[in-house]
Each structure stands twice: as C-alpha cells, then as structure tokens.
Amino acid sequence: MAKISINIGTGEVQKDSNVIIGIDLGTTNSLVAYIKDGEATAVRDKDGAHALVPSILHFEPSGGILVGNDAKEKLATEPERTIYSVKRLLGKNYGDVSDKQQYFSYKIIDDDQEALVKVKIDDKFYSPIQLSAEILKALKHRIEVELEAKVSKAVITVPAYFNDAQRQATRDAGKIAGLEVLRIINEPTAAALAYGIGRDPETEETIAVYDLGGGTFDISILQIQNGIFEVLATNGDTFLGGDDFDQAIIKYWVEKNPAITANQSDNFQSRLRISAEEAKKHLSSNDDFKTSLDQIDLTIDKNTFETIAADLVNRTIDSCKKALTDSGLDKTAISRVVTVGGSTRIPFVKKSVGDFFGKKVYDELNPDEVVALGASIQADILAGNQKDILLLDITPLSLGIETVGGLMDAIIPRNSKVPTRVAREYTTSVDGQKNLKVSVFQGERDLVKDNRKLGEFILKDIPPMPAGIPKIEISFLLDADGILVVRAKELRSNTVQEIEIRSQYGLSEEEMAKMLIDSLQNAEADMKIRGLLEARNEANNIILSSDKFLKQHDAILSDEEKTQTTKLLEDLKKAAREEDKDAINLAMEQLNEYTAPIAHRAMDITIAEAMKGEKL
Ligand code: AMP
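Owing to the predicted nature of the structure, the values given are computational and were not obtained by experimental measurement.

So what's going on with the overall build of the protein? Which residues, and what values?
Looking only at helices and strands, the protein features 15 helices and 27 strands. A compact globule built from 616 residues would reach a C-alpha radius of gyration of about 25 Å, and the protein, at 27 Å, matches this within 12%. By its C-alpha atoms, the protein is 70 × 65 × 55 Å across when sized along the principal axes. If you take every contact in the protein between residues at least 6 apart in sequence, the share linking residues at least 24 apart comes to 64%. For the protein, the computed accessible surface area is about 29,500 Å², with 49% contributed by carbon and sulfur atoms. Distance between charge centres in the protein, computed from 76 positive and 100 negative side chains, equals 2 Å.

Tell me about empty space enclosed by the protein, and name the residues and values.
On inspection of all chains with the given rule, the structure shows 2 cavities of 30 Å³ or more. In this structure, the largest cavity encloses a volume near 60 Å³. Lining the largest cavity are Pro159, Ala160, Glu187, Pro188, Val209, Asp211, Asp218, Ser220 and Val340. Going through the elements one at a time, helix H5 (187–194), strand E13 (205–212) and strand E14 (217–225) are the ones with two or more residues in the lining of the largest cavity. For the lining of the largest cavity, a count of residues per class yields 5 nonpolar, 1 polar and 3 charged.

How would you explain the side chain of Thr339 if you had to name every residue and give the values?
In this fold, Thr339 is placed in strand E18 (residues 336–340). For Thr339, a relative accessible area of 2% translates into the label buried. Sequence-distant contacts of Thr339, that is, excluding residues within four places in its chain, are made with Tyr210, Thr344, Val361, Tyr362, Asp363 and Val370.

Help me get a handle on helix H9 (residues 302–327), residues and values and all.
Between its first and last C-alpha, H9 extends 35 Å over 26 residues, near the 38 Å set by a 1.5 Å rise per residue. Considered for burial, the residues of H9 that qualify are Lys302, Phe305, Ala309, Leu312, Val313, Thr316, Ile317, Ser319, Cys320, Ala323, Leu324 and Ser327. If you check the start of H9, you find a side-chain oxygen 3.3 Å away from the backbone N of Asn303, and it comes from Asp301. Note on H9: the residue one or two positions beyond its end, Gly328, has a positive phi of about 75 degrees.

With reference to specific residues and values, describe the nonpolar core.
Ranked by internal contacts, the top residues of the largest apolar core, which has 46 residues, are Ile23 and Ile83. In terms of residue count, helix H3 (residues 128–147) provides more of this core than any other element does, 7 residues in total. Among all residues touching Ile83, those that are not within four sequence positions of it are Ser55, Ile56, Leu57, Phe59, Tyr106, Val119, Ile121 and Leu131.

Tell me what's going on with the pattern of salt bridges, and back it up with residues and numbers.
Scanning the entire structure with this criterion turns up 46 salt bridges. Here Asp409 and Arg424 are joined by a salt bridge, their closest N and O atoms 2.9 Å apart. Here the residue Asp409 occupies a position in strand E21 (residues 407–412), and Arg424 occupies one in strand E22 (residues 420–426), the gap between them amounting to 15 residues. Residue classification places Arg424 among the buried positions, given a relative accessible area of 18%. What emerges from the salt-bridge pattern is a single network uniting Lys107, Lys120, Glu589 and Glu593.

Reading the values: rules and limits
By convention here, each chain's residues receive numbers from 1 onward along its written sequence. Local features in this predicted model are restricted to residues of pLDDT 70 or higher, and side-chain atom pairs are both shown and tallied only at a pLDDT of 80 or more, whereas totals for entire chains, interfaces and linings draw on every residue. Neither water nor hydrogens contribute to the side-chain values; these are computed over all heavy atoms in the structure. Working definition: helices are DSSP H or I runs of at least four residues, strands are E runs of at least two. Numbering for both runs from the N terminus. The quantity called the radius of gyration is restricted to C-alpha atoms. Its globule counterpart is 2.2 Å times the number of residues to the power 0.38. Whether two residues are in contact is decided by their heavy atoms, any of which lying within 4.5 Å being enough. In this description, accessible areas are obtained by the Shrake-Rupley approach with a 1.4 Å probe, and a residue is regarded as covered only by the protein chains that are shown. Asp and Glu count as negative and Lys and Arg as positive, but His and the ends of the chain are not part of the count. One atom stands in for each charge, and that atom is NZ of Lys, CZ of Arg, CG of Asp or CD of Glu. The distinction between a cavity and a pocket rests on a 1 Å grid over the protein atoms alone: a 1.4 Å probe fits inside a cavity but cannot get out, while a pocket stays open yet meets protein on both sides within 12 Å along at least five of seven lines, and a residue with an atom within 4 Å of a point counts as lining. Grid points are joined across faces, edges and corners, and a volume is the space filled by probe spheres set on the points. Note on residue classes: Ala, Val, Leu, Ile, Met, Phe, Trp, Tyr, Cys and Pro are nonpolar, Asp, Glu, Lys and Arg are charged, and everything else, Gly too, is polar. Classification of residues uses two cut-offs on accessible area relative to the type maximum, computed with a 1.4 Å probe and protein chains only: under 20% is buried, over 50% is exposed, and between them is partly exposed. A helix is expected to span 1.5 Å for every residue after the first. Under the rule applied, a polar contact is a pair of N or O atoms within 3.5 Å (in protein, one hydrogen donor and one hydrogen acceptor; residues adjacent in sequence only if both atoms are side-chain atoms). In this text, buried Ala, Val, Leu, Ile, Met, Phe, Trp, Tyr and Cys residues form a nonpolar core when linked through side-chain atoms within 4.5 Å. The salt bridge definition used is simple: a Lys or Arg side-chain nitrogen within 4 Å of an Asp or Glu carboxyl oxygen.

And the structure:
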C-alpha cells in the first residue's frame, strides 16, 4: 500500500513513523510496546521508570480528562468522577452488568436491558468505547513522544474469551483514538509470541497460558499448528487477582489484632491496604516482612503468607483443571506453560502452577509486559519486517450491513483472516413486518452512506410476528478469492435468501488507502453521529413501548402517574427530535426511573390475575 504522510488529526503532511505499535489494553493497567533495534520493548514514562499506565480516567469538573497515575490519585478523593475497570464494561449491555454496580463507584446506566451500557458523569454520558479510546490516546501520545513522530497503526490484545461485540468495541476504541487497528489478537497468543512460541511453522504443540493480574484470572489452552493459534479452552475468574492476596493479608493482621478494624483515623484502612500489598511484594523475594502503622506492628512471614494464600491459588488450579477438561486434553498433552500478570511473581503461585502441569514455567520476561511485547511482535510481523513468518490472507476493508438509522454494522472486520464465516442475529423493528432489506456495504465509516455499497436483497415472507420476535441470522461467507456470499435466514420459519458478491472488485489500492484515511480523519465525528443515532433508536423503542404501556395499563395508573408519565414521554419525544445525545439519554433515564416501579406493580397485578385464572 502507498505510504501517505498525513496527520490524521489536522490533515497536515508531517513526519510519520511507520512503526506499528502493540498495545495491551488491560483492566487495571495498560501499556504500549514496539520493536526497537530488533527487540520488543515496552515504552516507559518520561522518567524512564514505569511502563504501566493505570487504566483509570478522571473527569475534572472543568472538562479536562486525566489518564493513568494522575487519575489514580483521584480514586480515593473523587470516586464518582474517576473511572476504572472500564474493560469490564466494553461491549456489554446493561443486562450483563446490572448486578455488578456495587463494584463500581461511578454510575453505570441504561434504560434498556439490551442496549450497550453508558457511564454517567455529571449530565454527560460516555460509552465504554469512548473511555477506552482515552486510554489508547494516552498510550499513543506516550510512544509518539518517544519516537518524535506520529504513529497510526496498532495491534491491540483482548482476553481470549472476548466475544464479537467486545472485540468490535475494542476496534472502535482504537479508531476513535486515531489508530488503525490492524489486528485484534488474544492476550495468551501475544504472551506465547513474546516467548517465540509458534514462530516455527513446523512445530505443533499445545500450551497453557496462566494469567493472574491485579483483579482477574485467566487460563487459556492454546493449540499451535502451522503458525495458527487456536484457543481450545479458557477458564478463569473475573473477580480473582492480586487484590485478593492483599485482602488475605489484611484479614490475617485483623485476626491477630482486632483493634485494627476499628481504626478509622486518617485513611488508616487505605494505608493498611498499601502495607498489605507491600508485604506481599516483599515476600516474593524475602522471608519476613515487618512494618508499623500508627504504632501498630504488622508482621508476616513467607510460610504464613503461603498458608493463607493457598485457598486462592487452589481456586486458580481448579480453573486449570476445568479448562483441561473442556479442551478434552490431559495435562501431559501440555508442552509448555507461560505465566503472565504481576501476581505470578509470587514464588508460591509459580511453583503451584509448575507442579500442577508438571512443567517448568516460562517466566523470564516481565509478566506485566509480556502481552504488550507479544503484540508488538505481531505488529512487526504485519509490517513485513519478520520475513520468516508467513502472513495469512486478510480482507483489506470491513464488510457489513446497514442497520436502523443508516448505521454500518461491520460483520467481517477489516484484516480478518480469510476464508471466514461470520453469522449474527437480527430482528424486525415493526410489528408484523414481512420483508427485510439486507444492504451490504464495504468500508470503515460508521454511516453506510459514506461506505461503498456492494449489493442488496430482500428477505421476503417472514411470518407475521410482533417486532423483535423473528430471529434473522445474517451470515457472511468470504472465501480466499474475495467472493462474499451473504445469506439471510429467518430461523423460526426457515425462510432463506442469499446473494453472491465480489467484494474487492473495482477498488484500487489507492482507493482503499483513501477509504481508510477518511475513516480515521472522521472517526470522532462519526462516533458522535453514531452515538446520536443509537440514542435516538433506543428512544424510539422506549417511546413505542411506553405508549403501548400507557394504553394497556390505563386502569391501574393514578391520574398523577398518567400525567407525569405523559409529560416525561413528551420530553423524551422532544429530545429525540433534537440533536443532543446526552439530552436524549437524560430524558430516557428520567422516564425510566419514574416508570420502573409502576411497571413492577403492573407486572405483579398481571401475575396475580394469571394465578387467579389458574385456580378456576
Ligand atoms: P497486573 O494487573 O498484571 O498489572 O498485576 C498487578 C498485580 O500484581 C497487583 O496485584 C500487584 O500487587 C501484583 N504484584 C506486582 N508485583 C508483585 C510482586 N513482586 N509480588 C507479588 N505480587 C506482585
């Protein structure tokens, strides 16, 4: 592809680096790496001290955004404006996380169980994609300072268990940060690559990657064949990590000296947590730890720590057993074990994992950096700098369909390996809808009108059902010659329709390059329009169902409830006609807060009536 030197922010021609960066976008920490003088290297802060950037954002009342350590400092003082663990929300809808609000000090919100979650700060709503983009921007900035040049291409890692929506959300975050995401790769694959595992296309092996971080634990079983990494099984615990070891130490100190719990002075409890983490880290290379806080002696030795940590470690080993069972393999089939995550520095953890698999663990690389290092190696392979590795065929532009509001839904993202088949389920938006138009587009922009139309067809004779009930599977099958077969099938009635398209036909490399640059230059603006259209679609659904609700339950609503619901509904209708996404979200939230208890009551009454009917 032609090299074009354009600043994607301003459009100015200027110095560009052709380095492709590797990014580990983590739950607690993130970092960026690249190949420097032939070596995978993590980029450190300007003092050269830290490669890790805490994945934390702080929204200042003035409108500024702090990222990383500066934001972390605000966690204790301004928790409701400080966002952490945003990765746990990526690609999730409210139904997925509604029971987890207690883990978050900031407000997570949605009005519709099916819509993607948003985070509320003051009267503004942010999507996890936008928030992740801010972290990516900070990492991009960090490496641009180091290289004294702009970077625009990246490989980003995600957990092996991330689904399609979570991977797409990660890609979108990259795009908003001004990064063309060449590939999304699995974190365990990156860790293996960092150790050079899988580079030789001749070898076939199965490895285990054990990743114990600050707050999450993952075990992955990977099969490597012909340079392709296949995830055979994953297991883990999204709420188990180094923090739990700190808590175990605190519990031990409290048992020895119950007075500690009562001490509420001067941030004592948070200083206690810091001391516990310090003790844990100290015991990774020493036998005894001793400190004192407000004249209270706090001591612990290595043996005691291992005794109190045994339960936690056993839980991770149980997950390893489950992953092996799911992969249908015995542990003797595992040839190597790679450890990832800061908590694998604990010698007892390392030993337990090694003993369980009966193998030496690969732990020479910094466990905090290994995923980012592997991502930078994958990036270098994509840049064509590592000639000994075969690149599989990939699709140059995303392929997708038009959804409500003229939005592009990318079904096969750009840079996917071909051949590939991806299927996704859709439904109707109108009661009794009989036909569904499937329009197929190619390109990276959020609105289909800015992309290239490849063809369309109509799925006819859908049996009449209420909106949202039909299950329509749209599948894209792309073969190695770039021929795309798009098929729509209504799963309840088995109605099928399909077309065949030559996806790359008629596009030169220059035209493709232009489409990519357009998408990066317009990413922020596209995101805003997408946000507005999505909020409007959601609002329209809520308006329809609220109108229905008011009619159906007229008898059980008090006059005041009717007036107030109608007023809030009118506010929402008005907001939906205007251009402010936050105003729409706010109106939805207000309507939802007011009507939720009424809806519960209506539901109770309906159930009671139904029960009465049963008895007759
Ligand atoms: P990560 O999410 O991979 O950055 O992991 C961070 C976790 O690793 C935190 O819980 C740290 O307390 C823990 N950690 C870092 N260094 C050490 C060490 N030397 N010994 C034990 N745990 C450590």
